[in-house]
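Each chain is listed here by its residues.
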Amino acid sequence: LLGGYEQRVFIEGKAEANPIVIFLHGGPGMPAPFSAESRDKFFRFTEHFTVVFWDQLGCGTNRFSITNDFTVNTFATMTVALIREIRRGFPHNPIILFGASLGSILSALATAQVPDLVHAVLVYGQVLKEMFFNDEVFEALKKSKAPQKTVDRYMSSKNKDEYTLLGDVGFISGTIQKYT
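Residues numbered from 1 in each chain as written. Predicted model: local features only at pLDDT ≥ 70, side-chain atom pairs only at ≥ 80, totals over all residues. Heavy atoms only, no water.

Student: Explain helix α5 (residues 148-158) to me, please; I cannot follow it from the model alone.
Tutor: Owing to its 3.6 residues per turn, the α-helix aligns residues three or four sequence positions apart on the same side. For α5, every residue scored as buried is listed here: Thr150, Val151, Tyr154, Ser157 and Lys158. In a view along the axis of α5, the buried residues occupy a sector of 130°, so they form one face of it. α5 presents Gln148, Lys149 and Ser156 as exposed residues on the side facing more than 90 degrees away from its buried surface. (Buried < 20%, exposed > 50% of the residue type's maximum accessible area, 1.4 Å probe, protein only. Helix = DSSP H or I, 4+ residues; strand = E, 2+ residues; numbered from the N terminus. Arc of directions from axis to C-beta.)

Student: Whenever I open this one, the pattern of salt bridges confuses me. Can you help?
Tutor: Think of it this way: side chains of opposite charge can pair up when their charged atoms draw near. Under the counting rule described, the total for this entry stands at 2 salt bridges. Arg88 is paired through a salt bridge with Glu85; the nearest N and O atoms lie 2.6 Å apart. Separated by 3 residues within a single helix, Arg88 and Glu85 lie in helix α2 (residues 72-89), roughly one turn from each other. Note on Arg88: relative accessible area 57%, which makes it exposed. Among the salt bridges present, the one from Glu139 reaches Lys142, with a minimum N-O distance of 3.6 Å. Here Lys142 and Glu139 lie together in helix α4 (residues 135-143), a separation of 3 residues that amounts to about one turn. Residue Lys142 is classed as partly exposed on the basis of its relative accessible area of 48%. (Salt bridge = Lys/Arg side-chain N within 4 Å of Asp/Glu carboxyl O.)

Student: What should I look at first to understand the pairing of strand β4 (residues 95-100) in this one?
Tutor: Side-chain direction in a regular strand flips from residue to residue, so the side chains alternate between the two faces of the sheet. Of all 6 residues in β4, 6 are buried, a share of seventy percent or more. Burial of β4 is two-sided: the residues Ile95, Leu97 and Gly99 facing one way and the residues Ile96, Phe98 and Ala100 facing the other way are all buried. Strand direction decides the pairing type here: β4 and strand β5 (residues 120-124), joined by 5 bridges, are parallel. Each residue of the ladder has a partner; that of Leu97, found in β5, is Val121. (Pairing = 2+ DSSP bridges.)

Student: I would appreciate a short explanation of the side chain of Ser107 in the present structure.
Tutor: Turning to its location among the elements, Ser107 is positioned in helix α3 (residues 102-113). In this structure Ser107 comes out as buried when scored by relative accessible area, which is 1%. If sequence neighbours within four positions are ignored, Ser107 has contacts with Leu24, Leu97, Val121 and Val123. (Contact = heavy atoms within 4.5 Å.)

Student: Can you walk me through the packing of α4 against α5 in this structure?
Tutor: Helix-helix packing is described using two parameters, namely the angle between the two axes and the distance between the axes. It is at 10 Å that the axes of α4 and α5 come closest, and there the two elements cross at 165°. Comparing their axes, α5 and α4 come out roughly antiparallel. The handedness of the crossing between α4 and α5 comes out as left-handed. Contacts from Asp135, Val137, Phe138 and Leu141 of α4 reach α5 at Val151, Tyr154, Met155 and Lys158. Tallied by class, the residues present in the contact of α4 with α5 amount to 6 nonpolar, no polar and 2 charged. (Axes fitted to C-alpha atoms, helices over the stretch in contact; angles between N-to-C directions. Parallel < 35°, antiparallel > 145°, perpendicular 65-115°, else oblique. Left-handed = near helix turned anticlockwise from the far one by under 90°. Nonpolar A, V, L, I, M, F, W, Y, C, P; charged D, E, K, R; others polar.)

Encoded structure:
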């Protein structure tokens with residue numbers, strides 16, 4: 001049970017004492033490259049690490065209809081729950097978070113909440129804070145052929161404290177792709 005949702009997690013490794021690597025994929029809803037179905041691509045990792053493959057809720061083996069109520073913090077809460085579950089099962093192993101894209105944000109948020117449980121964090125394709133809601137994006141949209149109502153919608157969501165994944169992030173991601 002991660003964040004109140006029943007989920008499947010796959011764990012593979014050759015030695016019980018190996019350090020744990022928890023893969024945190026991008027998305028939301030895009031488990032590449034660390035999906036549970038891609039486990040055979042990382043077989044060399046399992047020689048030296050016990051690897052945790054978690055398809056975040058809403059994709060892969062954890063299919064679920066994500067609604068507009070789900071935020072990055074919803075997934076960060078699930079990540080913390082996963083770390084705690086892994087710690088219970090492997091009380092003495094170092095835990096390393098390996099995040100890509102959205103997984104880089106989840107690794108940072110989770111580590112901030114449970115720094116005593118995480119020994120290291122590796123990220124690639126990291127997402128920087130305010131990636132979609134910043135002055136550069138606003139200027140690009142103003143100069144684009146985006147309709148004024150689209151620019152206005154963007155501006156109304158720009159200063160929120162927390163963004164929904166489907167509503168806010170999905171909207172601006174699609175808008176950037178379409179008009180810039």
